[in-house]
Number of protein chains: 2
Amino acid sequence: MNNPVGIISMQFVRPFLSKDLSLFSHIRELGFDFIELLVPEPEDQLNLHEVRQALADSGLGVVLAARVNMQRSIASENAAACQGGIDYLRYCIDSAAQLGATIVGGPLYGEPLVFAGRAPTPADDAQIARRLEATVSALRQVAPQAADGGVALALEPLNRFETDIVCSVAQGIEVVDAVDHPALGLLLDTFHMNMEESSLPGAIRAAGSRIVHFQANENHRGFPGTGHVNWAEVMRALHDVDYRGPVSLEPFRRDDWRVGLPIAHWRAPHEDESEKLRAGLALVKSSLTFAGVAG
Amino acid sequence: MNNPVGIISMQFVRPFLSKDLSLFSHIRELGFDFIELLVPEPEDQLNLHEVRQALADSGLGVVLAARVNMQRSIASENAAACQGGIDYLRYCIDSAAQLGATIVGGPLYGEPLVFAGRAPTPADDAQIARRLEATVSALRQVAPQAADGGVALALEPLNRFETDIVCSVAQGIEVVDAVDHPALGLLLDTFHMNMEESSLPGAIRAAGSRIVHFQANENHRGFPGTGHVNWAEVMRALHDVDYRGPVSLEPFRRDDWRVGLPIAHWRAPHEDESEKLRAGLALVKSSLTFAGVAG
């Protein structure tokens, strides 16, 4: 398998600003094929034309990562939040078209939990049904625009602490099949799958051709190869379903093990991680290569 | 290995009230050796003498699970919350003595995240250091009372979304070694370890004789055997460190896979789970037995 392998921009910096465009050549030199860029917020004041030029200059591809919140939340029962989610997805699709990106991935359904400071609370049957309905309806509204812009939307199941909408691959499949539009597929992330799936390879095989983006993260979000995700099995499953799309890395756990450290919060790198990134990339590329080799 | 295997009271009911004492004989009949009971809250109006009698009548042992919150939080920088945490631990030790329990386990350090509706936020170096100091100081204050009552305190690392104090086994070891009191040990839970450890067996071996309580949970908190935790390896590691303490099950994931379901929130059983509980118990008992068998 010869999938493009990329790295999330947050590995280096957040927010990503105009001054950070010089990172592209560094990322290319590390050996990555693309950058996964957070969809730029207006306040980032990024000139998308400049970004596109810098990508072309460095030879780096790009995938976009959508960021939702309680005001951008198509699964919400609050009409304004739901509309905010729809508007945001349209904005993401526009941004992708401007940047030449063909994939926008993330928890497109909204309704974050821990990162919004929202505790899990019981939901009744009617509320649960309405969440699914609202999600499917909104995705049906934006999918044609994505198709027109040549953009695939990749819906990502998140673990139970990060959302209460789509946590498992089976739930993701249910939403994608209900929307039933070629512009909507799945983004699978092994970090979340490690928490929610009975079998990572089994979930990948079940998702099959719906997978349009993939994130190869360790169970603890450290560098690939430093945890217990079975990369050989994961990549073999991707091979079995003939997955040819991008594979992103997001190993921003950082090497800091102090008691009292908020591990879940993003932290800037405090050391040069180049060697570890190269080793993680090599491991992922090797696993992809061997997935298609009989032995 | 012949460790006692138990089940958390939340598998059946929450809160656990006087009317639920009849569950003890059912739990014993299912084959469990003990119940892990949430430390009764005053509003539960449980008569601890009655509970102790019911335990004796059913032949069931008991382990206590402490529940912290932002007002019971020894790692807190808020003096009242820190004192509230100390008072609560003293209350837990008293409750254990009254019930004849010899172990109180849980995230004794406090500072919950997602279940308190608290989002992870950055902490500076001084704050991180103070959290450790406060935790160690408070545990030193209460450990002698635990020893006097014949109670072991079992500090449980939780995953990064549930706390920002002690997430890894290495962090737990650091706290236990800093407190350096025989009444304080570790509670390891494979659910959290699956998210935070590079190697579950490696972490168990590192914790070694500090382990005083163990929770055998699947990666997705379903019934043991329905996920990807390698029970043979886990139990062999427990055997290697000569662990003879209790092993608790908490498989309250429930068989409900609807989109929009808040998986992280506790839900009451909606079906008779007896067959699955027996199967999970048998699997754990078999793995424990085989851990000590050369083959």
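From a predicted model like this one, the values you see are computed outputs, not experimental measurements.

Novice: So what exactly am I meant to see when it comes to the relation of the copies chain A and chain B here?
Specialist: For these two chain copies, the linking operation is a rotation about an axis paired with a shift along it. Note on the copies: chain A fits chain B at an RMSD of 0.0 Å, the axial shift is 0.0 Å, and the rotation between them is 180°. Those values place the two copies in the arrangement expected of a two-fold rotation axis. A shared binding surface is used by both copies, with 100% of the interface residues of chain A retained as interface residues in chain B.

Novice: Sorry if this is basic, but what is going on with the sheet that holds strand E6 (residues 184–189) of chain B here?
Specialist: Two modes of strand pairing occur in sheets, parallel and antiparallel, and in both the strands are linked by backbone hydrogen bonds. Residues and elements named next belong to chain B. Ordered in space as E1-E2-E3-E4-E5-E6-E7-E8, the eight strands form a closed barrel in which the pairing is parallel. The average undirected angle you get between the axes of adjacent strands in this sheet is 30°. Where E6 meets strand E7 (residues 211–215), four bridges bridge the pair, whose relative direction is parallel. Looking across to E7, one finds that Asp 189 is bridged to Gln 215. Here helix H5 (residues 169–179) sits on the sheet in contact with strand E5 (152–155) and E6, set at roughly 170° to E6.

Novice: Is there a simple way to think about the side chain of Glu 273 of chain A in this case?
Specialist: All names here are of chain A. With respect to the secondary-structure elements, Glu 273 resides in the loop between strand E8 (247–249) and helix H9 (274–291). Its relative accessible area of 5% is what places Glu 273 among the buried residues. At a separation of 2.8 Å, a polar atom in the side chain of Glu 273 contacts the side chain of Gln 11. A distance of 2.9 Å separates the side chain of Glu 273 from the side chain of Arg 254, its partner in a polar contact.

Novice: For this particular structure, what's the right way to read the side chain of Glu 218 of chain B?
Specialist: Residues and elements named next belong to chain B. Residue position: Glu 218 is located in the loop between E7 and helix H8 (231–240). In terms of polar contacts, Glu 218 uses its side chain to reach the backbone amide nitrogen of His 228, at 3.3 Å. Not counting residues within four places of it along the chain, the set of residues in contact with Glu 218 comprises Phe 191, Phe 223, Pro 224, Gly 225, Thr 226, Gly 227, His 228, Val 229 and Trp 231.

Novice: In this structure, what is going on with the sheet that holds strand E5 (residues 152–155) of chain A? I would like to understand it.
Specialist: Residues and elements named next belong to chain A. Strand order around the closed barrel formed by eight strands is E1-E2-E3-E4-E5-E6-E7-E8, with parallel pairing between neighbours. Across the sheet, the mean angle from the axis of one strand to that of its neighbour is 30°, orientation sign disregarded. As paired strands, strand E1 (residues 5–8) and strand E2 (residues 34–38) are joined by three bridges and run parallel to one another. The residue bridging Ile 7 from the neighbouring strand is Ile 35, located in E2.

Novice: Mind showing me how you'd approach the interface of chain A and chain B here?
Specialist: Frequently, the measure chosen for interface size is the accessible area removed from exposure when the parts meet. Every contact between the two is made by 48 residues of chain A and, on the other side, 48 residues of chain B. When the buried surface of chain A facing chain B is broken down by residue, Arg 160, Phe 161 and Val 259 of chain A rank first, second and third, together holding 18% of it. Summed over the shared surface of chain A and chain B, the number is two salt bridges. Between Arg 258 of chain A and Asp 125 of chain B there is a salt bridge whose closest N-O contact spans 3.0 Å. For the interface between chain A and chain B, the tally reads 21 residue pairs in polar contact (both at pLDDT 80 or more). For the side of chain A that touches chain B, the elements supplying multiple residues, two or more each, are helix H4 (125–148), helix H5 (169–179) and helix H6 (190–196) of chain A. Of all the elements, H6 of chain A adds the most residues to the side of chain A that touches chain B, at five residues. Of the residues that constitute the side of chain A that touches chain B, the class distribution is 23 nonpolar, 13 polar and 12 charged.

Novice: Can you help me understand the packing of aromatic side chains in this one?
Specialist: In this description, an aromatic ring pair is defined by two values, namely the gap between the centres and the angle between the planes. In the structure shown here, the tally under the stated rule is 11 aromatic pairs over all chains. Measuring from centroid to centroid gives 6.0 Å for Phe 161 of chain A and Phe 161 of chain B, while their planes differ by 35°, and the two rings are tilted. With Phe 161 of chain A in the loop between E5 and H5 and Phe 161 of chain B in the loop between E5 and H5, this pair bridges two chains. Seen in terms of ring centroids, Tyr 88 of chain B and Tyr 91 of chain B are 6.2 Å apart; in terms of plane orientation they differ by 35°. Their pairing is tilted. Residue Tyr 88 of chain B and its partner Tyr 91 of chain B are both found in helix H3 (residues 79–99); the two are separated by three residues, about one turn of the helix. For Tyr 91 of chain B, a relative accessible area of 30% translates into the label partly exposed.

Novice: Which parts of the structure should I look at to understand the packing of helix H2 (residues 48–58) of chain A against helix H3 (residues 79–99) of chain A?
Specialist: Packed helices, taken two at a time, are described by their axes: the angle between them and the distance between them. Residue and element names in this part refer to chain A. Between H2 and H3, the least distance of the axes is 8 Å, while the angle of their chain directions is 45°. Classed by the angle they form, the pair H2 and H3 counts as oblique. Only Ser 95, Ala 97, Gln 98 and Leu 99 of H3 make contact with H2, whose side of the interface consists of Leu 48, Val 51, Arg 52 and Leu 55. Residue classes in the contact of H2 with H3 are distributed as five nonpolar, two polar and one charged.

Rules of the game
Every chain begins its residue count from 1, and numbering advances along the sequence as written. As a convention, the first chain written is A and the first ligand written is 1, with the rest following in written order. Residues qualify for local features only when their pLDDT is at least 70, as the model is predicted, and side-chain atom pairs are given and counted only at 80 or more; totals for whole chains, interfaces and linings, by contrast, use all residues. Calculated side-chain values reflect all of the structure's heavy atoms, with hydrogen atoms and water omitted. A least-squares superposition brings the copies together, and it is based on the C-alpha atoms of residues with pLDDT no lower than 70 in both. Contacts are residue-level and defined by heavy atoms, with any inter-residue pair within 4.5 Å sufficient. Only when DSSP finds a minimum of two bridges between them are two strands counted as paired. The helix count covers DSSP runs of H or I at least four residues long, the strand count covers runs of E at least two residues long, and both are numbered beginning at the N terminus. Axis angles are defined between N-to-C directions and span 0 to 180 degrees, where every axis is a line fitted to C-alpha atoms and, for a helix, only to the segment in contact. For every residue, the accessible area obtained with a 1.4 Å probe (protein chains only) is divided by the maximum for its type, and the residue is called buried under 20%, exposed over 50%, and partly exposed between those limits. In protein, a polar contact means a hydrogen-donor-capable atom and an acceptor-capable atom, both N or O and within 3.5 Å, with residues adjacent in sequence counting only if both atoms are side-chain atoms; elsewhere, any N or O pair within 3.5 Å suffices. The term buried area denotes the loss of accessible surface (1.4 Å probe radius) that occurs when two parts are joined, taken as the sum for both partners. Any carboxyl oxygen of Asp or Glu that lies within 4 Å of a side-chain nitrogen of Lys or Arg is treated as forming a salt bridge with it. When residues are grouped by polarity, Ala, Val, Leu, Ile, Met, Phe, Trp, Tyr, Cys and Pro land in nonpolar, Asp, Glu, Lys and Arg in charged, and all others, Gly among them, in polar. Any pair of Phe, Tyr and Trp rings, taking the six-membered ring for Trp, is counted once the centres come within 6.5 Å. Such a pair is stacked with planes under 30 degrees apart, edge-to-face with planes over 60 apart, and tilted for the rest. Throughout, the term roughly parallel applies to angles under 35 degrees, roughly antiparallel to angles over 145, roughly perpendicular to angles from 65 to 115, and oblique to all others.

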